[in-house]
Number of protein chains: 2
Amino acid sequence: MYKTLVTLPRATAIAGSNIAFVKYWGNLDDTLNVPMNGSISMTLDAAHTITTVEFHPDLPADELTINGQPADWAAVKRASAHLDRIRDLARKYWSARIISTNSFPTGAGIASSASGFAALTLAATKVLGLNLSKSELSRIARLGSGSASRSIDGGFVEWQPGGRHEDSHATPLAPANHWDLVDIIAIISTEHKKVGSSMGHSLAHTSPFYQARLGTVQVMLQSVRRAIKEKNFTAFGKLIEEEAISLHVSAMSSRPSVLYWQPGTVALMQALRRWRDDGGPVGYFTMDAGPNVHVIAQRKHAAALQEKILNVQGVQDTLFCGIGSAARIIDSDLHPFGYGDSHVASLGKDTQNRLPTR
Amino acid sequence: MYKTLVTLPRATAIAGSNIAFVKYWGNLDDTLNVPMNGSISMTLDAAHTITTVEFHPDLPADELTINGQPADWAAVKRASAHLDRIRDLARKYWSARIISTNSFPTGAGIASSASGFAALTLAATKVLGLNLSKSELSRIARLGSGSASRSIDGGFVEWQPGGRHEDSHATPLAPANHWDLVDIIAIISTEHKKVGSSMGHSLAHTSPFYQARLGTVQVMLQSVRRAIKEKNFTAFGKLIEEEAISLHVSAMSSRPSVLYWQPGTVALMQALRRWRDDGGPVGYFTMDAGPNVHVIAQRKHAAALQEKILNVQGVQDTLFCGIGSAARIIDSDLHPFGYGDSHVASLGKDTQNRLPTR
C-alpha cells in the first residue's frame, strides 16, 4: 500500500557520445573490455543519452525502455549485467526500471552504447549511494561498453589502456572550451550493421595488418595529443584520417572481411579531399565501425561544410555536434533510502576536483 | 624516290591485357621494374592491344598513334625509351612509327600499359630480327611496364619476382583452356586517375601496412596457385578478394593516402557479397590500382551476373572478357631488310614449344 505513495529512489544522468580520433579496436581481455591500445576522443554535446534509473525493491526483474520502446532481450540482458556489477559494489540487490532516451533517432547508425553505458553507470551508482571518482566511473562504464569509458568525462579524453581492469580508464586531455571543433555526423545508412563492434573487436586479431596497426598506435597517440595541445588543425586532420583508415583496414582485412563502408561513405571521403584540394571548406573524416562519416571541422567552416555535405550523394542527413561536457546527474530523488542527497548533484567540470576518491 | 615505292619493315602484334589475382605492388628496383613480390594473373581476350611497329631509317624521331590519335608527349617518350632497349639489343638504330589500337575505349579506366608494352615488345623485336624466347620477351616487356611481363603469355601466368633484371620474368601456370573463368570488367569511372600506378608503386613503401602485406604474399601465391590448379572457385574467390583488399589497404594507407575506390566500387563490392549470401550468382571482386571492379566468375553464371552488375548504381558499363592466349604476331613484312620471314609468325600456344631460346 505505502509503495504507491512514496517516491522511489532514482537518479537521472546525461552523458554525451564521443567520437574517437585514435580508435579503440581489439581487446586484450574481451570480457573486461581491456583494450589492446590507448585511444583519444572528443565528447559530443548534441549526440547524448539521458537515463533515469529507478530502483524497486519488489520489481521481479530489471526493465529497460529505450526511446519510449521496451528494449529487446539482448539489450535488457546487457544493461542488467551492468547493473549487477554496480549492485555487487553497493551490496544492494534491488531491481531497476531504466528509462533511456537518446538525442538521436534509434537506428540512425549512431552508436548509443558509449553515452548509454556512461549515463547508466553514473545514474545507478548515484542511486545506490556509491560516491565514485571519475576514474572509477570510467572503469565501470568500460565494463558495459569499452568506449563508454571515454564518455564519463567531457572535452578531449584519453583512455589509458592499462593491462588489467584496475588501470584501464579514461583521463581528461583538454577541457571542452580548449578548441572549438565541431563534428558534423553524416548519416549514410540507417540499416542495422551486420557485424557489431563487439564481433569486430574479436575479429581484429585475425587481420594480417593488425600487428602493424598496433605498432603505429603509440606514435599516433603522441601525435594526436600534440596536435590537440597545439590546436594544429591541418596536422590533426591528416592524422585522424590516417587513423580512421587504419581501423577500417583492420576490419576489411580481417577473416572474414568486414567492409563497413557504403557508397556514400566513399563519396564523402573523396569529396572532403577534393574540397580541400580546391580551397573549399576544410573538413577531415573519421568513421567508427560503421558507414557514417564524422566530419571534423573548425566552427568557422561548419555551416558551409554542412550544406555541401548534405548535397553529397548517399548522405541522408546530418547531425551537428559541438564538444560536450562531462556526464552529470541532472535529477535525483534519493530520500526513501536515506542517502540525504536530494539536491541535483553534478559531475560536470565545476565539481570534478571535489569528487571524493575511494 | 624509291622510299615511297618499297614496303617498310613492319610487324603487327596482338597482346591481351591481364588481371592480377595476386598483385604487383611496389618495386625492389623502380627503374627496372623488379618487383617486391611475385604475382599471378590471367590474360584477357577481349581487352587487348594491337600494335604495328614500322621502322623508317630516315624518320627523325619515333611517332606513336593510340586509337587513331597522336599520343601525348609522355606516352611517346615512354614508348621511345622502350624501343631504345630493343634497338640496343639489335644494334639497329632506326626510328619507328608505332600504331597502337586498344579493343577498349581510351579513358575507360582500363590500363593499356600491360597489353601495350607486351605487343610493342613482340612487334619491335620481331621487326629488328631478334628471335627471343618468351622469358626474354617477358623480361623486356617488364622494363616498359611491370605488368606487361605477364601479358606475353596466355592463360594463367605467374611472374617470378627474381631480384635482378635477369631473373624477373613471367612463366606459364596453366593454359587458357584449363579453367573457364570470365572477367566482367565493371567500368566505374572513366576519369583519368590522379595517382598513376608508377607513383603508387613508389608510395607503397610508405604504408605502415606494406611490410605486413609482403609478409603474407608468399603464402597467398601458394594458395592461389593451388586454387587454380584444383579449380576450387570458392577458395579462389575468397583469396582474390582478400588480396585485392590488401593492395588497396597499402594504397589508402600510404603517405599521402591514395583512395582509388569510388562509390560505385564499394557498391559493387557490397553487392557481390550480398548476392553470394543470398544464393544469387556468384562472382568475386578484384581491383587494380583504380576504381574499376573486375568480377571474376565461372562462365555458367556470367550472363546473370553481367545483368545484375549493370544495374548497380555507379556502374557505367561492362566489358566481358574470357581468358586470352599468348601475345602473337598477326602480320609482318620483314623483306626489305632481308629477314626472309614474311609469313605470319605466331607466338601462340601452337608454337610456344618451338621458339628458340638464346
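Residues numbered from 1 in each chain as written. Chains lettered and ligands numbered in written order. Predicted model: local features only at pLDDT ≥ 70, side-chain atom pairs only at ≥ 80, totals over all residues. Heavy atoms only, no water.

Draft legend 1. Structural view of the confidence of the model for chain A. Residue and element names in this part refer to chain A. For chain A, the mean per-residue pLDDT works out to 91, and 91% of the residues sit at or above 70. For residues 1-5, every residue scores under 50 in pLDDT, and the model assigns this stretch one contact once sequence neighbours within four places are set aside. Counting interchain partners and residues more than four positions distant, the pLDDT-below-50 stretch residues 338-358 has 44 contacts. Two numbers describe this predicted complex: its pTM, 0.90, and its ipTM, 0.88. (pLDDT = per-residue confidence, 0-100. Contact = heavy atoms within 4.5 Å.)

Draft legend 2. View of the packing of helix 2 (residues 113-127) of chain A against helix 3 (residues 134-144) of chain A. Residue and element names in this part refer to chain A. Packing of helix 2 against helix 3 brings their axes to within 9 Å, and their N-to-C directions diverge by 125 degrees. Between helix 2 and helix 3, the angle is such that the two are oblique. Crossing of helix 2 over helix 3 shows right-handed handedness. Of the residues in helix 3, those in contact with Phe117, Ala118, Thr121, Leu122 and Thr125 of helix 2 are Leu137, Ile140, Ala141 and Gly144. Grouping the constituent residues of the contact of helix 2 with helix 3 by class yields six nonpolar, three polar and no charged. (Axes fitted to C-alpha atoms, helices over the stretch in contact; angles between N-to-C directions. Helix = DSSP H or I, 4+ residues; strand = E, 2+ residues; numbered from the N terminus. Parallel < 35°, antiparallel > 145°, perpendicular 65-115°, else oblique. Left-handed = near helix turned anticlockwise from the far one by under 90°. Nonpolar A, V, L, I, M, F, W, Y, C, P; charged D, E, K, R; others polar.)

Draft legend 3. Fine view of unusual backbone geometry. That bond from Arg255 of chain A to Pro256 of chain A is cis: its omega, 5 degrees, falls within 30 degrees of zero. One non-glycine residue, Asn33 of chain A, lies in the positive phi region at around 50 degrees. With respect to the helices and strands, the residue Asn33 of chain A is situated in the loop between strand 2 (27-29) and strand 3 (34-35). Even without being glycine, Arg91 of chain B reaches a positive phi, approximately 55 degrees.

Draft legend 4. Structural detail: the nonpolar core. Ranked by size, the top nonpolar core spans 58 residues in total, and within it Trp261, Leu268 and Ile309 of chain A together with Trp261, Leu268 and Ile309 of chain B carry the most contacts. Once residues lying within four places of it in the same chain are set aside, the contact partners of Ile309 of chain A are Ile184, Ala186, Leu268, Trp275, Val295, Val315 and Thr318 of chain A. (Core = buried A, V, L, I, M, F, W, Y, C linked by side-chain atoms within 4.5 Å. Buried < 20%, exposed > 50% of the residue type's maximum accessible area, 1.4 Å probe, protein only.)

Draft legend 5. Seen up close, the side chain of Ser17 of chain B. Here Ser17 of chain B lies in strand 1 (residues 10-22). Aside from chain neighbours lying at most four places away, what touches Ser17 of chain B is Met42, Thr43, Leu44, Ala47, His48, Ala111, Ser115 and Ser151 of chain B.

Draft legend 6. Geometry of the sheet that holds strand 12 (residues 293-298) of chain B. Residue and element names in this part refer to chain B. Ordered by their spatial adjacency, four strands build an open sheet running 11-12-10-13, and the pairing between neighbours is antiparallel. Single-partner strands in this sheet number two, and they are strand 11 (284-286) and strand 13 (317-321). Here the strands of the sheet are splayed against their neighbours by 30 degrees on average, with no regard to which way each runs. With six bridges connecting them, strand 10 (residues 181-187) and strand 12 associate as antiparallel partners. When the bridges of strand 12 are listed, Ile185 appears paired with His294. Sheet strands in contact with helix 7 (residues 263-277) are strand 10, strand 11 and strand 12, and its direction is about 155 degrees off that of strand 11. (Pairing = 2+ DSSP bridges.)

Draft legend 7. View of the interface of chain A and chain B. Facing the 26 residues of chain A at the interface are 26 residues of chain B. Between chain A and chain B, roughly 2200 Å² of surface is buried when both sides are summed, and carbon and sulfur atoms account for 65% of that area. When the area that chain A buries against chain B is broken down by residue, the three leading residues are Phe209, Leu259 and Gln270 of chain A, summing to 25%. The residue Glu242 of chain B makes a salt bridge to Arg255 of chain A at a minimum N-O spacing of 2.5 Å. Where chain A packs against chain B, one counts eight residue pairs in polar contact (both at pLDDT 80 or more). The leading source of residues in the side of chain A that touches chain B is helix 7 (residues 263-277) of chain A, at seven residues. Taken together, the residues of the side of chain A that touches chain B break down into 13 nonpolar, seven polar and six charged. (Buried area = accessible area lost by both parts, 1.4 Å probe. Salt bridge = Lys/Arg side-chain N within 4 Å of Asp/Glu carboxyl O. Polar contact = N/O pair within 3.5 Å; in protein donor to acceptor, adjacent residues only side chain to side chain.)

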